[in-house]
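Chain by chain, the residues:
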Amino acid sequence: DAMRIIRTTDYDDMSRKAANVISAQVILKPTSVLGLATGTTPLGAYRQLARWCERGDVDFSQVSTYNLDEYRGLSHEDVQSYHHFMRVNFFDHVNIDLANTHVPDGSNPNVRAACAAYDHMVAAAGYPDLQLLGIGRNGHIGFNEPDSVFSKGTHLVNLTESTIKANSRLFDSPDDVPRQAYTMGVQAIMYARGVLVIASGRDKAKAVRGMCLGPVDPQCPASILQLHTNCVVIADEAALSLC
Ligand code: GLP
């Protein structure tokens, strides 16, 4: 199949190799549009990129970014919002212009307006040159949860119990985890010129197997990436242990 799989020894090795792919993209095209992801998986790559940026090895001053998703009902300032997460874990540590960073507006209660506005922005930007993705334990990408269909545009999702539980480690209690989120659909991801999926750890092994080897099925949303012509998976041995 078309997916290229790069096996790494561990999380740090995965993070460094992913940061290499992202910095190569930005060095070759300084005005790159990057699709970015939250979660704990990209943190090492973000840290590495911050170090290289500080040294002057990579320059984000002309880069623009579009994040995949945001919890519905959280303001940009909420410390649990993905807006906040991206600032604290990446944007504040590189020379990116905050005006060029975009995250779905979780504070907009008007579902149709919030989703349409985001789709419009991503399309106007020409879709990502490179889309970075983590993967959920159930095979979700962004917050595209297992479903009977793939959703095309940005949409409102009801998070599954397993995702709420998995993400509750970043909240004081599971009750604090928002039950809904706005997420990009698969269109913007599949329109990206390149996709980089990163995965680490044994608890991702089943999802990684479904993504790489399972049928293309919305029950494992990441499996659609098998149809992308330029998709690289960088995963450690534990995450690849069922492949
Ligand atoms: C979250 C995010 C995804 C992320 C996934 C895995 O729900 N919405 O974008 O890829 O879960 O998270 P982690 O990297 O922390 O395992």
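Everything below is about the structure printed above this text.
Here the residue numbering is sequential within each chain, running from 1 through the sequence in written order. Totals for whole chains, interfaces and linings use every residue, but because this is a predicted model, local features are given only for residues with pLDDT of at least 70 and side-chain atom pairs only at 80 or more, for both listing and counting. Excluded from the side-chain calculation are hydrogens and water; included are all heavy atoms of the structure.

A.B. asks: What exactly am I supposed to notice about the environment of Val63 here?
C.D. replies: Strands are runs of DSSP state E lasting at least 2 residues, helices are runs of H or I lasting at least 4, and numbering of each runs from the N terminus. Looking at the secondary structure, you find Val63 in the loop between α2 (43-54) and β3 (64-67). On a C-alpha basis, the gap between Val63 and Arg112 in space is 28 Å, while along the polypeptide they are 49 residues apart.

A.B. asks: Before we go on, may I ask you to explain the nonpolar core in this structure?
C.D. replies: Generally speaking, nonpolar side chains in soluble globular proteins are found buried as a group. Residues belong to a common nonpolar core when they are buried Ala, Val, Leu, Ile, Met, Phe, Trp, Tyr or Cys residues joined through side-chain atoms within 4.5 Å. In this scheme, a residue with accessible area under 20% of its type's maximum is buried, one over 50% is exposed, and one in between is partly exposed, where area comes from a 1.4 Å probe on protein chains only. In this structure, Leu34, Leu36, Phe60, Tyr71, Phe90 and Leu196 are the most contacted members of the largest nonpolar core, which totals 40 residues. Elements that contribute at least two residues to this core include exactly α1 (11-28), β2 (33-36), α2, α3 (82-89), β6 (130-133), β9 (194-199) and β10 (231-236). The leading source of residues in this core is α2, at 7 residues. By the convention used here, residues are in contact when the closest approach between their heavy atoms is within 4.5 Å. Sequence-distant contacts of Leu196, defined by excluding residues within four places in its chain, comprise Ala18, Val21, Ile22, Leu130, Gln131, Leu132, Leu133, Val232 and Ile234. Ala199, Val208, Leu225 and Ala235 belong to the second-largest nonpolar core, a separate cluster that totals 29 residues.

A.B. asks: So what exactly am I meant to see when it comes to the sheet that holds strand β5 (residues 101-102) here?
C.D. replies: For sheets, the rule is that strands pair by backbone hydrogen bonds, running either parallel or antiparallel. Read across the open sheet, the 7 strands follow the order β1-β10-β9-β6-β2-β3-β5; overall the sheet is parallel. Either end of the sheet is taken by a strand with one partner, and the two such strands are β1 (4-8) and β5. Pairing geometry for β2 and β6, over 2 bridges, is parallel. The residue of β6 that forms the bridge with Leu34 is Leu130. Helix axes are fitted to C-alpha atoms over the stretch in contact, other axes to C-alpha atoms as well, and angles between N-to-C directions run from 0 to 180 degrees. Taken strand by strand, α1 contacts β1, β2, β6, β9 and β10, and its axis lies near 165 degrees from that of β9. Its contacts with the sheet place helix α4 (residues 111-124) against β3 and β5, and it is angled at close to 145 degrees to β3. Strand pairing is assigned whenever DSSP detects at least two bridges linking the two strands.

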